Each structure stands twice: as structure tokens, then as C-alpha cells.
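Secondary and tertiary structure notes
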Amino acid sequence: MNTSKNFFFFSEIISNLERTLAEGRKASNVDIQVMFQCISRCRFLVQQLIKKEGDQFYKNIVLQLEETLATQINILQAKIEQLNGKKIQVTQGSIKPWKRILLYGPPGTGKSRLAQAVSSEIKSTFYCVSSSDLVSSWVGESEKLIKELFQHATKQTGRSVVFIDEIDSICRQRSSREEEYTRRIKTELLKQMEGADTADSSDQIFLLCATNCPWELDSAFLRRFQKRIFIPLPDKEARIDLMKIHTKDNKVVMSDEDWSVLGAQTEGYSGSDLANLTLESLFCPIRELQTSKEWKQKDDQFVPCKDGEEADVKATIVEIPAHKVRPREVTLNDFLSALKTHRKTVTQDEIQKFENFTKSMGEQG
């Protein structure tokens, strides 16, 4: 067999087989279509090898491989047809999907981000509104806006998702001292949440709401949320991952131990706190450029000298061409320095209030 002549075929066959194996070893979300395409490509390349092979011994080996690949293609094709044609009916009788979910938790934990993730994943109409979009200074206009929102959502093809942020601003506990127009707003929203005016098409709407103060919601609204999910502060691993995401496009020199130390130091920080902390840390090397007078030349660029490092050039930043100035890498010390000025914004008392509410009326997310 002329291996040098057929090297391209062998390398591509191996690459496609490795990709198929990698996809099949996944614990979940296995893409059978990708496996089918890779195996089909392998079979095509093997068929080309059969045409080129002159040695009968090697040709028989390749023929056996082609038969094996053909069998695997038939298995995958049958599985794809089975999945495409098989519709599992899980919502029978009284079993129905949740239609109204409340997300609550400390500020900056990503409740609105979860709603944005929903909008990017689903193939449905997504409505993102806040209390300011629904409340009007004109009498009767707010009720009309709420009604039109839900009516418009029910007219769309498929299920529509309505996300209302800061729901507590319009759904606070009712009292005898509140104005009449606020009562009408709450009454209209309660009716629409229950689907009173659109009973035939109420299943077409999925309502997702977010709040930082679930204990301030009126009990009638809380009752209508079938699931009340607590979105807690990120744990250590999540905090490290968030900071790595925020710094993925920057030069950061930190070991796993450094990240572990930083993760422990940011206990109690929300996702928003971590974003601000990371931004402050990234600015630290840039601020040093203004006061640096000793520079090290690397790859035709000038970097501020570290402590004890011999300088190649002594000058101020204005004396060096702007396109040749490069800030140093971000280190753990930059993050520790930023921690002194950027502290966590969620207090322990607030966390305790959320935990108490979760025990009585919610569930852990």
C-alpha cells in the first residue's frame, strides 16, 4: 500500500473517527447528526481508497472497514429517523408545564441575564418589559397597556415568553391607603396572569418575572407564581469562572493557586460586584503607565519595568510613541489592590432575609 500517496485520506478518516468518538462519549446532548455526518465522510474516503488500492490483501482489509462503516451509518440513520418521528407526550391529563415563574435573589446575581439566555435559546416571541413600561401617568392607560401586552402575546404563533423585571415595583402589598388607580393596575395584572380574559389561549404565554424584594410582593401575586426560585450569590468556583470570563480578552498571569486565593477573597460578592472588581483590576496596569519612567523593550514595544528590573529606556510616557507602549500583564496583586476599594454590596442581613423567604415560600435555584 502506498501510504505516502494516501496519507491525506488516512489523516481525514482518523480525524472524523476521533470526532465521532468524542461526540459519543458525551454524558449528555449527544449530536447524532454530527456522528452520522462524520461516519458518512469516513465511508466516502474509504471508498476512494478502495478504488486506488492495487494490493488485494490491503484492499480486502479496506473493504471490511467499508462494510463496518456502512453498518454504523444504517444504525445512526435509523436512530435519527426514530428521534424525528417519535413525539413523547408528557403533558397528559393534569400534567402541564409551569406557566408563571418568579426569580428572586440579591441584586447582581444574573436574574435578568437568565431571561436574556431564555430569549436567545427559545424559538418564540420574547417580550422584555419593566414596570416603567407598564405604568402611565394617565388614568386608565396602565391597565390598557397591560391588557394589550398579554393580548398581543397570545396572538403570536407558538408560545410567547413575557419577562417583567423589577415586578415588586407594581405588585407590592395592597393596603387601604393606596390610590385607586394602583389598585386597578394590580387587579388587571392579576387577571392577565391568571388568564381570565384569554382563557382559551392562556397556555400560549409563559410569564417570567424577577425581583430583589420578594417579601414585598402581595400574597395574591405570590400565589399565582407556580415556582418561586431563589438565585443565590455565586459560589467560589462560579466566582472564579466569572472573573475568567471578564478577563478572557486580556493578558492575565495567574496560576490556579492565585485564582483559588482570589475566589476565597471574594466571598459574598455578586456577579455585578465581580464585574466591577475585574474592571478595576484591569485598569491597574494602565494607571502605572502614567507614572512609569523606566521601560523594558520587548518585541519593539515598551513595558514598564518591574521592581528591581534593569531598564532599557528611561523616559516618560509622552516621550515614547503611543503605538509602542504596552501595559504589563494583570496579576493577583492587582485584584487584591482592587478589593480594597471595591467591596461587596450585599450584606449578611439581606442574605438572611432571602434564606428565610426561601424556607417559607420559595425554593433553591
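Residues numbered from 1 in each chain as written. Predicted model: local features only at pLDDT ≥ 70, side-chain atom pairs only at ≥ 80, totals over all residues. Heavy atoms only, no water.

1. Description of the sheet that holds strand 1 (residues 100-104)
Using the following cut-off: For two strands to be treated as a pair, DSSP must find no fewer than two bridges joining them. Put simply, DSSP H or I for four residues or longer makes a helix, DSSP E for two residues or longer makes a strand, and each gets a number counted from the N terminus.
Taken in spatial order, the six strands of this open sheet run 2-3-4-1-5-9, and their pairing is parallel. Among the strands making up the open sheet, the edge pair consists of strand 2 (126-130) and strand 9 (363-364). As judged from the five bridges shared by strand 1 and strand 4 (residues 205-211), these two strands associate in the parallel manner. Paired with Leu103 across the strands is Ala210, a residue of strand 4.

2. Some remarks on the packing of helix 6 (residues 141-154) against helix 7 (residues 180-194)
Filter applied, for reference: With axes taken as lines fitted to C-alpha atoms, and helix axes fitted only over the stretch in contact, angles between N-to-C directions fall between 0 and 180 degrees. Here roughly perpendicular refers to angles of 65 to 115 degrees, roughly parallel to angles under 35, roughly antiparallel to angles over 145, and oblique to all remaining angles. In this description, contact between two residues means that some pair of their heavy atoms is separated by no more than 4.5 Å. Nonpolar residues are Ala, Val, Leu, Ile, Met, Phe, Trp, Tyr, Cys and Pro. Charged residues are Asp, Glu, Lys and Arg, and all others, Gly as well, are polar.
Between helix 6 and helix 7, the least distance of the axes is 9 Å, while the angle of their chain directions is 10°. Taken together, the axes of helix 6 and helix 7 lie roughly parallel to each other. Here helix 6 contributes Ser142, Glu143, Ile146, Lys147 and Phe150 to the contact with helix 7, which in turn contributes Arg184, Ile185, Glu188, Leu189 and Gln192. Classifying every residue of the contact of helix 6 with helix 7 gives four nonpolar, two polar and four charged.

3. Some points on the sheet that holds strand 8 (residues 313-314)
What the three strands build is an open sheet, ordered 7-6-8; its pairing is antiparallel. Looking along the sheet, the strands with just one partner apiece sit at the ends: strand 7 (301-304) and strand 8. Pairing of strand 6 (residues 294-298) with strand 8, which is carried by two bridges, proceeds in the antiparallel orientation. Within strand 8, the position partnered with Trp295 by the bridge is Val313.

4. Comments concerning a nonpolar patch on the surface
Quick reminder of the rule: The patches reported here contain residues having more than 30% relative accessible area and no salt bridge. Joining distances are 9 Å for like charges and 5 Å for nonpolar side chains (Val, Leu, Ile, Met, Phe, Trp, Tyr). For accessible areas, the Shrake-Rupley method is used with a probe of radius 1.4 Å. Any residue's cover is judged against the shown protein chains and nothing else. Take a side-chain nitrogen of Lys or Arg and a carboxyl oxygen of Asp or Glu: if they are within 4 Å of each other, that pair is a salt bridge. Note on exposure labels: buried denotes an accessible area under 20% of the residue type's maximum, exposed denotes more than 50%, and partly exposed covers the range between, all computed with a 1.4 Å probe on protein chains only.
There is a patch of nonpolar side chains on the surface, built from Phe57, Tyr58 and Ile61 and spanning about 310 Å² of accessible area. Relative to the elements of secondary structure, Tyr58 occurs in helix 3 (residues 56-85). With relative accessibility at 34%, the residue Tyr58 sits in the partly exposed group.

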